[in-house]
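Next come the chains, spelled out residue by residue.
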Amino acid sequence: MVLLTSASLAVKGQGYSLYGNVLIKEKNFPVAGAHVKLIDSLAAKEQIAVTDSLGNFSFSNLKKDFSYGGQVSSVGYETLTFSVLVDDRQKFMGNLYLEPKAELLQEVIIQDDAPVRQDGDTIVYNARAYKTTPDAVAEDLVKKLPGVVTDENGKVTAQGKEVKRILVDGEEFFGKNVDLALKNLPADIITNVRIFDDQSDQSKLTGFNDGNIVRTINFVTSRGVQEGKFGKIEAGYGAEDRYVADASLNYFKTGQQISVLGNSNNFNRSSGQGSQSSPMGISTINNGGINIVKNYKQFSAMGNYMFSGMQSENIMDIQRLYFLPSSEELQYLEDNDSENTTQNHMVMTRAEYRPNFRDAVILSPRINSNSVETDALQAIRNVSPEEVLLAETLSQRDSYNKSYSINLPLMIRKMLKKPGRSIMVDLNAGFSSGTGNQDILFSQFTSATLQDSSGHKTNLAETYGNNFHGGVYYTMPVFKGGMGQFEYSVGYEDNESDNYTYTINGTSDTRSVDSLLTNVYQNYNIAHNAKISWQKYVKGVQFTIGSKYQMRNLTGEQILPTPVVVNKLYHSVLPEIMVNYHKQGQGISFQYNTD
């Protein structure tokens, strides 16, 4: 009797529930943060639910066979009204589609004259409120924004956090190259600058915040630019055959962006392309790139190619005069002459396929190639006041290094039929390789001993690396208003380095291994991870607690200079706590983990 009563009470307490999804009309993309209002007209009561990052919403404890009214609203979209009959214990409404409200966007651009305003967790600057010169670029505009700081190295910090991603009208501009966008995008085409924290792809796909956020700037261009062509070409020539040529050509229209950039100069001027810093000496810099973005109804693609090359010559002479305790003088003379040539090629692509609101596939291949060639001469002399050579060291160093890497990240997400449940697979395979050679000639002379010595060494290096990561993530509602995530992942890495140094015999031109300067090793690393996490929002505060079990096996073998074998197995339990609070663009974050 007691069992029957308990079962009856449990069924009664469950009530009836309603769930569904909110999507953008024609694009089938989920609308996060939309307000769904459910209205009981008889009782004059309302319930409100906010959609998660996947567009899901749900209501519970509803009346059986009762007809509710409702509406869906979100900033930038037309309000949608609906009615629904709750005739099933778990009633699925299906998809509710919102239409973009173009008029609202136009009114914001034309009528909003406030220099800065808050839009949820996004800070919006009105670019027209900050005066710049006619030839200014985005970097000049950003330097004028309150709360945004740019240091001498070009690093941009917004509200205390470094900006690591630039968007133009919501689309990536040359990947994550912040400096390139700031130095090449004209300031006069920008109407708004939006600064916010963007979540990782994993967080967006699963709806479970993994704590990996990126401070992002989105440059919103004027409506004419969004549907047109713009660019800039400049060139100059001056004394000592110094020259500069810059070109930036862009074609934007709905669902498509094409940008082509180029720069060439011989006076150390950086255009933001590549990762090179301005060197000492005289440099010739050539950069170029193309960025293409194309969006379709269910498919979007982005790809860019960047090339950067630099040739630099550095001539440096050092003269020092030393006064010795014996009242004698000693001259120190050093002459340096070096030439460096570097080239970098980078390809970044991203393809995203969303056949419906439940399924998503993201593929983001990356390829990088880099080469550095150096020729250097150095002469160091100690000379007496009578111009007598006391000691001399001469060296010549020629080196060439080349490396490349390939990464193939893939994410696949499937939302299950039950609300709030999803499964995601994350795969990533990578390969890297590098070769290098260095040739060193040196000679030394000392007048005190009348000894003259010389040597010749060469170094040959090869490196190889492979890595693979695979993870499965299952997300589901746990407890009231909370989300749970269960994940298992495995990672594998193997690296090999062969670094041989040889001594060249000048008379017989034979070579022998210098064991003290030679290193040959290889290592393997495999890790299994099982993790469980729980997350909940309470009055604007996000709490996350979790624990991960990790088994890691490290294996390594050193062949030279001395044989060493390492084989270690580690078992660890790694706790995690994360607390995030964000409101009106301000926030406090606390994160503890032992990973």
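Everything numeric here is computed off the predicted structure, so don't read it as measured data. (Residues numbered from 1 in each chain as written. Predicted model: local features only at pLDDT ≥ 70, side-chain atom pairs only at ≥ 80, totals over all residues. Heavy atoms only, no water.)

Student: Can you walk me through the overall build of the protein chain in this structure?
Tutor: Secondary structure summary: the protein chain contains six helices and 32 strands in total. Burial status across the protein chain gives 36% buried among its 595 residues. Restricting to contacts in the protein chain with at least 6 residues of sequence separation, those with at least 24 account for 59%. (Helix = DSSP H or I, 4+ residues; strand = E, 2+ residues; numbered from the N terminus. Buried < 20%, exposed > 50% of the residue type's maximum accessible area, 1.4 Å probe, protein only. Contact = heavy atoms within 4.5 Å.)

Student: What is the right way to read the nonpolar core from this model?
Tutor: If you look at soluble globular proteins, the nonpolar side chains tend to sit buried side by side. Ile190, Val193 and Phe219 are the most contacted members of the largest nonpolar core, which has 33 residues in total. Secondary-structure elements contributing two or more residues to this core are β9 (122–126), α3 (138–142), β11 (156–158), β12 (161–168), α4 (178–184), β14 (190–199) and β15 (213–221). Looking at which element gives the most residues to this core, the answer is α4, with four residues. Sequence-distant contacts of Phe219, defined by excluding residues within four places in its chain, comprise Ala138, Val142, Ile166, Leu167, Val168, Asp169, Leu182, Leu185, Ile190, Asn192 and Val193. The next biggest cluster of nonpolar side chains, apart from the first, holds 22 residues, and it includes Phe66, Tyr68, Tyr77 and Phe82. (Core = buried A, V, L, I, M, F, W, Y, C linked by side-chain atoms within 4.5 Å.)

Student: In this structure, what is going on with a nonpolar patch on the surface? I would like to understand it.
Tutor: Together, Ile233, Leu249, Val260, Ile290, Ile292, Tyr305, Val347, Ile367, Tyr404, Ile406 and Leu408 make up a nonpolar patch on the protein surface, roughly 890 Å² of accessible area in all. Per element, the largest residue contribution to the nonpolar patch is three residues, and it comes from strand β24 (residues 389–415). Residue class for Leu249 comes out partly exposed when judged on its relative accessible area of 46%. (Patch = residues over 30% accessible without salt bridge, like charges linked within 9 Å, V, L, I, M, F, W, Y side chains within 5 Å. Areas by Shrake-Rupley, 256 points an atom, 1.4 Å probe, with all protein chains shown as cover. Salt bridge = Lys/Arg side-chain N within 4 Å of Asp/Glu carboxyl O.)

Student: Is there a simple way to think about the sheet that holds strand β4 (residues 56–62) in this case?
Tutor: Backbone-to-backbone hydrogen bonds pair the strands of a sheet. The strands run either parallel or antiparallel. Strand order across the open sheet formed by three strands is β4-β1-β7, with mixed pairing between neighbours. A strand with exactly one partner marks an edge of an open sheet, and here the two such strands are β4 and β7 (90–98). Sheet twist, expressed as the mean angle between neighbouring strand axes with direction ignored, is 20°. For strand β1 (residues 16–24) and β7, the ladder comprises seven bridges, and the chain directions are parallel. By the bridge assignment for β7, Leu18 is matched with Lys91. (Pairing = 2+ DSSP bridges. Axes fitted to C-alpha atoms, helices over the stretch in contact; angles between N-to-C directions.)

Student: Just to check I follow, could you spell out the side chain of Asp498 for this structure?
Tutor: Position of Asp498 relative to the elements: it lies in strand β27 (residues 482–504). Of the side chains with opposite charge, Arg511 lies nearest to the buried Asp498, which makes no salt bridge, at 12 Å. Among residues more than four places away in sequence, those in contact with Asp498 are Leu460, Ala461, Glu462, Asn519 and Val520. (Lys, Arg positive; Asp, Glu negative; His and termini not counted.)

Student: Quick question: what am I supposed to make of a negative patch on the surface here?
Tutor: On the surface, Glu313, Asp337, Glu339, Glu373 and Asp375 cluster together to form a negatively charged patch. Among the elements of the structure, β21 (329–353) and β23 (366–383) are those that each provide at least two residues to the negative patch. On the secondary structure map, Glu313 appears in strand β20 (residues 299–323). Assessed through its relative accessible area of 36%, Glu313 is described here as partly exposed. (Charge placed at Lys NZ, Arg CZ, Asp CG, Glu CD.)

Student: How do you make sense of the pattern of salt bridges when you look at a structure like this?
Tutor: One pass over the structure, following the stated rule, counts 19 salt bridges. Put simply, Arg381 and Asp335 hold a salt bridge, and the shortest N to O gap is 3.6 Å. With Arg381 in strand β23 and Asp335 in strand β21, the pair connects residues that are 46 residues apart, well separated along the chain. One salt bridge in this structure joins Arg354 and Glu352, with 2.7 Å as the shortest N-O distance. Classification of Glu352 as buried rests on a relative accessible area of 14%.

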